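# Breakdown of the fold
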Amino acid sequence: MKPGIHPAYGPVVFRDSASGTAFLTRSTMTSDKTVEWEDGNVYPLVDVEISSASHPFYTGTARVLDTAGRVERFERRYGSRR
């Protein structure tokens, strides 16, 4: 890697604004806001709108769409062109 052209990569806390869950990970993102983490260290804080803690797919609240029923309803309404 060439020196001086890559952004700084370090620990950052991401906080989900929907659920309030926070994750400590490494990233190139920076922020003016900081938070004291459980280990006593202070890390940059980045607020995100959605994460795996609040996304419907990961929480099991996702709805499955019945696409077969939609196709059948369309064919009943407008007829099949086969």
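The structure under discussion appears in the preceding block.
Cut-offs and rules
Residues numbered from 1 in each chain as written. Predicted model: local features only at pLDDT ≥ 70, side-chain atom pairs only at ≥ 80, totals over all residues. Heavy atoms only, no water. Helix = DSSP H or I, 4+ residues; strand = E, 2+ residues; numbered from the N terminus. Polar contact = N/O pair within 3.5 Å; in protein donor to acceptor, adjacent residues only side chain to side chain. Contact = heavy atoms within 4.5 Å. Pairing = 2+ DSSP bridges. Phe/Tyr/Trp six-rings, centres within 6.5 Å; stacked < 30°, edge-to-face > 60°. Buried < 20%, exposed > 50% of the residue type's maximum accessible area, 1.4 Å probe, protein only. Lys, Arg positive; Asp, Glu negative; His and termini not counted. Salt bridge = Lys/Arg side-chain N within 4 Å of Asp/Glu carboxyl O.

## Description of the side chain of serine 27
- Residue position: serine 27 is located in strand E2 (residues 22-27).
- Looking at serine 27, its side chain comes within polar contact range of the main-chain nitrogen of methionine 29, at 3.1 Å.
- Not counting residues up to four positions away in its chain, the partners in contact with serine 27 are Ala8, Tyr9, Gly10, Val12 and Phe14.

## A look at the pairing of strand E4 (residues 42-48)
- Two elements, strand E1 (residues 10-16) and E4, share 4 bridges in a ladder whose sense is parallel. When the sheet's bridge partners are listed, arginine 15 is paired in E4 with aspartate 47.
- In the sheet, strand E3 (residues 34-36) pairs with E4 via 3 bridges, with the strands oriented antiparallel. Each bridged residue has a counterpart across the sheet, and for glutamate 36 the counterpart in E4 is valine 42.
- If you look at the hairpin formed by E3 and E4, you'll find 5 residues sitting between the two strands, and glycine 40 has a positive phi there, around 95 degrees.

## Concerning the packing of aromatic side chains
- Taken as a whole and assessed by the stated rule, the structure comprises 1 aromatic pair.
- Seen in terms of ring centroids, phenylalanine 74 and tyrosine 78 are 5.0 Å apart; in terms of plane orientation they differ by 50 degrees. Their pairing is tilted. Highlighted residues: phenylalanine 74 and tyrosine 78, both in helix H2 (residues 67-78), separated by 4 residues, approximately one helical turn.

## Quick notes on the side chain of aspartate 16
- As for its placement among the helices and strands, aspartate 16 is situated in strand E1.
- The buried charged residue aspartate 16 lacks any salt bridge partner; its closest oppositely charged side chain belongs to arginine 15, at an N-O distance of 8.6 Å.

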